[in-house]
Amino acid sequence: MTDRRLLLVHAHPDDESIVTGATMAKYAAEGAQVTLVTCTLGDEGEVIPDELAHLAADREGGLGQHRVGELDKACVALGVRDHRFLGGPGHYKDSGMMGAPSNDRPDCFWQADVEEAAHRLANIIREVRPHVIVTYDSNGGYGHPDHIQAHRVAVRAFGKAAERSLPGTPWQTRKLYAIAQPQSVLEGRVARLHREPGSFSAPTSTADIAPGTPDRFVTTRIDASRYWAAKALAMRAHATQITVDGERFALSNDIAQEIDAVEYFTLLRGPTPKPGPDGLEKDLFA
(Lines give C-alpha, C1' and ligand atoms only; values in the text may rest on other atoms or scores of the structure.)
Protein backbone atom coordinates (compact mmCIF):
# COMPACT_ATOMS: atom_id res chain seq x y z
CA MET A 1 0.00 0.00 0.00
CA THR A 2 1.30 3.45 -0.92
CA ASP A 3 0.83 6.65 1.03
CA ARG A 4 -1.23 8.51 -1.56
CA ARG A 5 -4.31 10.56 -0.80
CA LEU A 6 -6.82 11.85 -3.37
CA LEU A 7 -9.79 14.14 -2.67
CA LEU A 8 -12.54 14.82 -5.21
CA VAL A 9 -15.08 17.65 -5.01
CA HIS A 10 -18.33 16.96 -6.86
CA ALA A 11 -21.63 18.83 -7.05
CA HIS A 12 -24.26 16.05 -6.91
CA PRO A 13 -24.55 12.31 -6.40
CA ASP A 14 -23.83 10.59 -9.78
CA ASP A 15 -21.27 13.17 -10.98
CA GLU A 16 -18.47 11.22 -9.33
CA SER A 17 -19.32 8.01 -11.17
CA ILE A 18 -19.94 9.50 -14.63
CA VAL A 19 -16.72 11.50 -15.04
CA THR A 20 -14.27 10.16 -12.44
CA GLY A 21 -15.59 6.73 -11.45
CA ALA A 22 -12.85 4.69 -13.12
CA THR A 23 -10.09 6.91 -11.74
CA MET A 24 -11.53 6.63 -8.23
CA ALA A 25 -11.82 2.85 -8.50
CA LYS A 26 -8.27 2.52 -9.85
CA TYR A 27 -6.61 4.49 -7.08
CA ALA A 28 -8.76 2.95 -4.36
CA ALA A 29 -7.84 -0.56 -5.60
CA GLU A 30 -4.17 0.42 -5.62
CA GLY A 31 -4.34 1.35 -1.94
CA ALA A 32 -4.66 5.12 -2.16
CA GLN A 33 -6.99 6.89 0.25
CA VAL A 34 -9.82 8.30 -1.85
CA THR A 35 -12.11 10.90 -0.27
CA LEU A 36 -15.25 12.14 -2.02
CA VAL A 37 -16.86 15.44 -1.03
CA THR A 38 -20.32 16.01 -2.53
CA CYS A 39 -21.78 19.51 -2.25
CA THR A 40 -25.54 18.83 -2.52
CA LEU A 41 -28.02 15.94 -2.38
CA GLY A 42 -29.07 16.50 -5.99
CA ASP A 43 -32.67 17.12 -4.96
CA GLU A 44 -33.48 19.09 -8.16
CA GLY A 45 -32.48 16.20 -10.43
CA GLU A 46 -34.91 14.71 -12.94
CA VAL A 47 -36.11 11.18 -12.22
CA ILE A 48 -35.93 8.74 -15.13
CA PRO A 49 -37.65 5.45 -14.15
CA ASP A 50 -41.44 5.44 -13.97
CA GLU A 51 -41.34 3.34 -10.82
CA LEU A 52 -39.41 6.11 -9.04
CA ALA A 53 -41.37 9.02 -10.51
CA HIS A 54 -43.02 9.74 -7.16
CA LEU A 55 -39.66 10.96 -5.86
CA ALA A 56 -39.68 13.90 -8.29
CA ALA A 57 -42.62 15.39 -6.42
CA ASP A 58 -40.81 15.18 -3.09
CA ARG A 59 -37.93 17.59 -3.44
CA GLU A 60 -37.98 18.53 0.24
CA GLY A 61 -36.45 15.28 1.39
CA GLY A 62 -37.57 12.21 -0.52
CA LEU A 63 -35.50 12.53 -3.68
CA GLY A 64 -32.40 13.82 -1.89
CA GLN A 65 -32.47 11.05 0.70
CA HIS A 66 -32.99 8.45 -2.02
CA ARG A 67 -29.97 9.79 -3.87
CA VAL A 68 -27.90 9.53 -0.70
CA GLY A 69 -28.64 5.80 -0.79
CA GLU A 70 -27.69 5.61 -4.45
CA LEU A 71 -24.41 7.35 -3.70
CA ASP A 72 -23.67 4.93 -0.86
CA LYS A 73 -24.05 2.02 -3.28
CA ALA A 74 -21.90 3.73 -5.91
CA CYS A 75 -19.11 4.31 -3.39
CA VAL A 76 -19.16 0.62 -2.47
CA ALA A 77 -18.83 -0.29 -6.16
CA LEU A 78 -15.87 2.08 -6.53
CA GLY A 79 -14.16 0.96 -3.32
CA VAL A 80 -14.45 4.44 -1.80
CA ARG A 81 -14.82 4.34 1.98
CA ASP A 82 -14.57 8.02 2.85
CA HIS A 83 -17.47 10.13 1.64
CA ARG A 84 -18.72 13.42 3.07
CA PHE A 85 -21.34 16.04 2.19
CA LEU A 86 -20.01 19.58 2.39
CA GLY A 87 -21.46 21.08 5.56
CA GLY A 88 -23.34 17.84 6.23
CA PRO A 89 -26.13 16.14 4.23
CA GLY A 90 -28.54 18.72 2.83
CA HIS A 91 -26.68 21.78 4.12
CA TYR A 92 -26.51 23.14 0.58
CA LYS A 93 -29.52 22.63 -1.68
CA ASP A 94 -29.26 21.64 -5.32
CA SER A 95 -29.52 24.82 -7.42
CA GLY A 96 -31.06 23.21 -10.50
CA MET A 97 -30.03 24.04 -14.06
CA MET A 98 -28.79 27.54 -14.91
CA GLY A 99 -31.67 30.00 -15.14
CA ALA A 100 -34.12 27.87 -13.13
CA PRO A 101 -36.10 29.60 -10.34
CA SER A 102 -34.35 27.30 -7.85
CA ASN A 103 -31.12 29.26 -8.56
CA ASP A 104 -32.55 32.06 -6.41
CA ARG A 105 -33.20 30.02 -3.28
CA PRO A 106 -31.06 31.47 -0.48
CA ASP A 107 -30.11 27.98 0.73
CA CYS A 108 -28.98 26.65 -2.67
CA PHE A 109 -25.31 26.05 -3.37
CA TRP A 110 -25.22 28.67 -6.15
CA GLN A 111 -26.11 31.33 -3.57
CA ALA A 112 -23.65 30.07 -0.96
CA ASP A 113 -20.92 32.36 0.29
CA VAL A 114 -17.79 31.05 -1.46
CA GLU A 115 -15.49 32.01 1.41
CA GLU A 116 -17.64 30.21 3.97
CA ALA A 117 -18.02 27.08 1.83
CA ALA A 118 -14.28 27.11 1.09
CA HIS A 119 -13.58 27.30 4.82
CA ARG A 120 -15.65 24.14 5.32
CA LEU A 121 -13.83 22.37 2.52
CA ALA A 122 -10.42 23.58 3.71
CA ASN A 123 -11.12 22.01 7.10
CA ILE A 124 -11.73 18.68 5.37
CA ILE A 125 -8.54 19.14 3.34
CA ARG A 126 -6.51 19.77 6.50
CA GLU A 127 -8.00 16.66 8.08
CA VAL A 128 -7.58 14.34 5.09
CA ARG A 129 -4.28 15.89 3.92
CA PRO A 130 -4.69 14.94 0.25
CA HIS A 131 -1.77 15.16 -2.13
CA VAL A 132 -4.14 15.73 -5.07
CA ILE A 133 -7.55 17.43 -5.40
CA VAL A 134 -9.89 16.99 -8.38
CA THR A 135 -12.89 19.16 -9.27
CA TYR A 136 -14.43 20.86 -12.35
CA ASP A 137 -13.14 23.57 -14.66
CA SER A 138 -14.30 27.18 -14.34
CA ASN A 139 -17.39 26.46 -16.47
CA GLY A 140 -18.31 23.49 -14.33
CA GLY A 141 -17.90 21.16 -17.30
CA TYR A 142 -21.16 22.19 -18.93
CA GLY A 143 -22.34 25.35 -17.19
CA HIS A 144 -24.32 23.92 -14.28
CA PRO A 145 -24.33 26.49 -11.44
CA ASP A 146 -23.46 23.92 -8.77
CA HIS A 147 -20.51 22.66 -10.82
CA ILE A 148 -19.25 26.22 -11.33
CA GLN A 149 -19.62 26.89 -7.61
CA ALA A 150 -17.82 23.64 -6.76
CA HIS A 151 -14.89 24.83 -8.89
CA ARG A 152 -14.81 28.22 -7.15
CA VAL A 153 -15.01 26.67 -3.69
CA ALA A 154 -12.36 24.02 -4.43
CA VAL A 155 -9.90 26.55 -5.87
CA ARG A 156 -10.35 28.86 -2.89
CA ALA A 157 -10.10 25.97 -0.41
CA PHE A 158 -6.90 24.78 -2.09
CA GLY A 159 -5.43 28.20 -1.39
CA LYS A 160 -6.79 28.45 2.14
CA ALA A 161 -5.41 25.04 3.09
CA ALA A 162 -2.01 26.04 1.72
CA GLU A 163 -2.08 29.23 3.80
CA ARG A 164 -2.28 27.11 6.95
CA SER A 165 0.39 24.61 5.90
CA LEU A 166 3.73 25.32 7.57
CA PRO A 167 6.97 25.22 5.59
CA GLY A 168 8.91 22.05 6.23
CA THR A 169 5.88 19.99 7.25
CA PRO A 170 5.72 16.52 5.65
CA TRP A 171 2.43 17.21 3.86
CA GLN A 172 0.91 19.72 1.53
CA THR A 173 -1.61 19.45 -1.28
CA ARG A 174 0.62 19.65 -4.33
CA LYS A 175 -1.80 19.42 -7.25
CA LEU A 176 -5.28 20.62 -8.22
CA TYR A 177 -6.92 19.18 -11.33
CA ALA A 178 -10.03 19.93 -13.34
CA ILE A 179 -11.98 17.17 -15.05
CA ALA A 180 -11.54 17.39 -18.83
CA GLN A 181 -13.34 15.92 -21.83
CA PRO A 182 -10.99 16.41 -24.80
CA GLN A 183 -12.69 17.67 -27.94
CA SER A 184 -11.03 15.04 -30.12
CA VAL A 185 -12.14 12.23 -27.80
CA LEU A 186 -15.72 13.53 -27.79
CA GLU A 187 -15.70 13.70 -31.59
CA GLY A 188 -14.62 10.06 -31.77
CA ARG A 189 -17.34 9.03 -29.36
CA VAL A 190 -20.03 10.89 -31.29
CA ALA A 191 -18.95 9.20 -34.53
CA ARG A 192 -19.17 5.75 -32.93
CA LEU A 193 -22.46 6.50 -31.17
CA HIS A 194 -23.99 7.84 -34.34
CA ARG A 195 -23.32 4.47 -35.95
CA GLU A 196 -24.41 2.42 -32.94
CA PRO A 197 -26.37 4.32 -30.27
CA GLY A 198 -27.82 1.19 -28.73
CA SER A 199 -31.29 1.68 -27.28
CA PHE A 200 -30.84 5.45 -26.99
CA SER A 201 -30.98 8.42 -29.36
CA ALA A 202 -27.78 9.12 -31.27
CA PRO A 203 -25.98 12.41 -30.53
CA THR A 204 -25.83 14.76 -33.50
CA SER A 205 -22.71 16.60 -32.30
CA THR A 206 -20.35 16.83 -29.34
CA ALA A 207 -22.57 19.60 -27.94
CA ASP A 208 -25.17 16.92 -27.15
CA ILE A 209 -22.69 15.41 -24.66
CA ALA A 210 -20.47 18.22 -23.36
CA PRO A 211 -18.88 21.46 -24.61
CA GLY A 212 -15.51 19.68 -24.79
CA THR A 213 -12.07 20.74 -23.61
CA PRO A 214 -9.64 21.95 -26.29
CA ASP A 215 -7.02 19.22 -26.58
CA ARG A 216 -4.17 21.66 -25.92
CA PHE A 217 -5.45 22.26 -22.39
CA VAL A 218 -5.60 18.58 -21.41
CA THR A 219 -2.58 17.51 -19.37
CA THR A 220 -3.42 14.08 -17.99
CA ARG A 221 -4.86 10.77 -19.20
CA ILE A 222 -5.74 8.09 -16.66
CA ASP A 223 -6.21 4.66 -18.22
CA ALA A 224 -8.36 2.80 -15.71
CA SER A 225 -9.71 0.26 -18.22
CA ARG A 226 -9.30 -2.55 -15.68
CA TYR A 227 -11.96 -0.81 -13.58
CA TRP A 228 -14.58 -0.34 -16.30
CA ALA A 229 -16.95 -2.78 -14.60
CA ALA A 230 -16.68 -0.95 -11.27
CA LYS A 231 -17.54 2.33 -12.97
CA ALA A 232 -20.48 0.79 -14.82
CA LEU A 233 -21.78 -0.75 -11.58
CA ALA A 234 -21.49 2.59 -9.79
CA MET A 235 -23.40 4.30 -12.58
CA ARG A 236 -26.15 1.67 -12.36
CA ALA A 237 -26.48 2.52 -8.67
CA HIS A 238 -27.67 6.01 -9.64
CA ALA A 239 -30.89 4.64 -11.11
CA THR A 240 -32.88 7.86 -10.71
CA GLN A 241 -30.44 9.72 -12.97
CA ILE A 242 -28.77 7.24 -15.31
CA THR A 243 -29.96 4.47 -17.61
CA VAL A 244 -27.23 1.94 -18.39
CA ASP A 245 -27.51 -0.42 -21.36
CA GLY A 246 -24.41 -2.51 -22.03
CA GLU A 247 -21.52 -0.17 -22.84
CA ARG A 248 -23.82 2.81 -23.29
CA PHE A 249 -25.69 5.07 -20.92
CA ALA A 250 -28.06 8.01 -21.10
CA LEU A 251 -29.25 10.74 -18.78
CA SER A 252 -32.79 12.13 -18.79
CA ASN A 253 -32.32 13.47 -22.35
CA ASP A 254 -32.06 9.85 -23.65
CA ILE A 255 -28.96 10.72 -25.71
CA ALA A 256 -26.43 7.91 -25.91
CA GLN A 257 -23.01 8.22 -24.28
CA GLU A 258 -20.20 5.72 -23.86
CA ILE A 259 -19.11 4.36 -20.50
CA ASP A 260 -15.40 5.05 -20.77
CA ALA A 261 -12.80 4.03 -18.21
CA VAL A 262 -10.13 6.29 -19.70
CA GLU A 263 -10.57 9.66 -18.02
CA TYR A 264 -8.88 13.01 -18.63
CA PHE A 265 -7.85 15.99 -16.52
CA THR A 266 -6.27 19.43 -16.73
CA LEU A 267 -3.70 20.48 -14.14
CA LEU A 268 -4.75 23.82 -12.63
CA ARG A 269 -2.17 24.15 -9.86
CA GLY A 270 1.03 22.24 -9.20
CA PRO A 271 4.37 21.20 -10.69
CA THR A 272 4.72 21.06 -14.46
CA PRO A 273 3.44 17.65 -15.67
CA LYS A 274 5.92 15.09 -16.98
CA PRO A 275 4.28 13.91 -20.21
CA GLY A 276 4.53 10.48 -21.78
CA PRO A 277 4.98 9.76 -25.51
CA ASP A 278 1.48 11.07 -26.29
CA GLY A 279 2.20 14.35 -24.49
CA LEU A 280 0.05 13.52 -21.46
CA GLU A 281 1.02 12.46 -17.95
CA LYS A 282 -0.32 9.09 -16.81
CA ASP A 283 -0.64 9.47 -13.04
CA LEU A 284 -2.35 12.14 -10.92
CA PHE A 285 0.32 11.60 -8.27
CA ALA A 286 3.28 11.92 -10.65
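Residues numbered from 1 in each chain as written. Predicted model: local features only at pLDDT ≥ 70, side-chain atom pairs only at ≥ 80, totals over all residues. Heavy atoms only, no water.

Some remarks on the side chain of aspartate 146
If you trace the backbone, aspartate 146 turns up in helix α4 (residues 145–164). Polar side-chain contacts of aspartate 146 include one of 2.5 Å to the side chain of serine 95. Among residues more than four places away in sequence, those in contact with aspartate 146 are Ala11, His12, Thr40, Lys93, Asp94, Ser95, Gly96, Phe109 and Trp110. (Helix = DSSP H or I, 4+ residues; strand = E, 2+ residues; numbered from the N terminus. Polar contact = N/O pair within 3.5 Å; in protein donor to acceptor, adjacent residues only side chain to side chain. Contact = heavy atoms within 4.5 Å.)

Some points on the side chain of serine 102
In this structure, serine 102 sits in the loop between β3 (82–85) and α3 (114–128). Setting aside residues up to four positions removed in sequence, serine 102 forms contacts with Glu44, Ser95, Gly96 and Cys108.

Observations concerning unusual backbone geometry
One non-glycine residue, arginine 129, lies in the positive phi region at around 60°. Tracing the sequence through the fold places arginine 129 in the loop between α3 and β4 (132–135). For arginine 129, a relative accessible area of 33% translates into the label partly exposed. (Buried < 20%, exposed > 50% of the residue type's maximum accessible area, 1.4 Å probe, protein only.)

Description of the packing of aromatic side chains
Taken as a whole and judged by the stated rule, the model has 3 aromatic pairs. Relative to phenylalanine 285, the ring of tyrosine 27 lies with its centre 5.1 Å away and its plane at 80°, an arrangement referred to as edge-to-face. Of this pair, tyrosine 27 sits in helix α1 (residues 15–29) while phenylalanine 285 sits in the segment after β10 (262–269), and the two are 258 residues apart along the sequence. Accessibility classification places tyrosine 27 together with phenylalanine 285 in one group, the buried group. Judged by centre distance (6.3 Å) and plane angle (70°), the rings of tyrosine 177 and phenylalanine 265 are edge-to-face. Of this pair, tyrosine 177 sits in strand β5 (residues 175–180) while phenylalanine 265 sits in strand β10, and the two are 88 residues apart along the sequence. Comparing tyrosine 177 with phenylalanine 265 shows no difference in burial state: the two are buried. Above the ring of tyrosine 27, the side-chain terminus of lysine 26 is found at 5.4 Å from the ring centroid. (Phe/Tyr/Trp six-rings, centres within 6.5 Å; stacked < 30°, edge-to-face > 60°. Lys NZ or Arg CZ within 6 Å of the ring centre and 35° of its normal.)

Some points on the sheet that holds strand β7 (residues 243–245)
Strand order in the open sheet made by the 3 strands is β7-β8-β9, with antiparallel pairing throughout. With partners counted over all chains shown, the strands left at the sheet margins are β7 and β9 (257–258), one partner each. Where β7 lies against strand β8 (residues 248–250), 3 bridges are found, and the strand directions are antiparallel. Bridge assignment links aspartate 245 to a residue of β8, and that residue is arginine 248. (Pairing = 2+ DSSP bridges.)

Focus on the pairing of β5
Counting buried positions over the 6 residues of β5 gives 6, a clear majority of the element. Where β4 meets β5, 4 bridges bridge the pair, whose relative direction is parallel. If you follow isoleucine 133 over to β5, its bridge partner there is leucine 176. Relative to β10, β5 runs antiparallel, the two being bridged by 5 bridges. In the strand pairing of β10, leucine 176 is matched with arginine 269.

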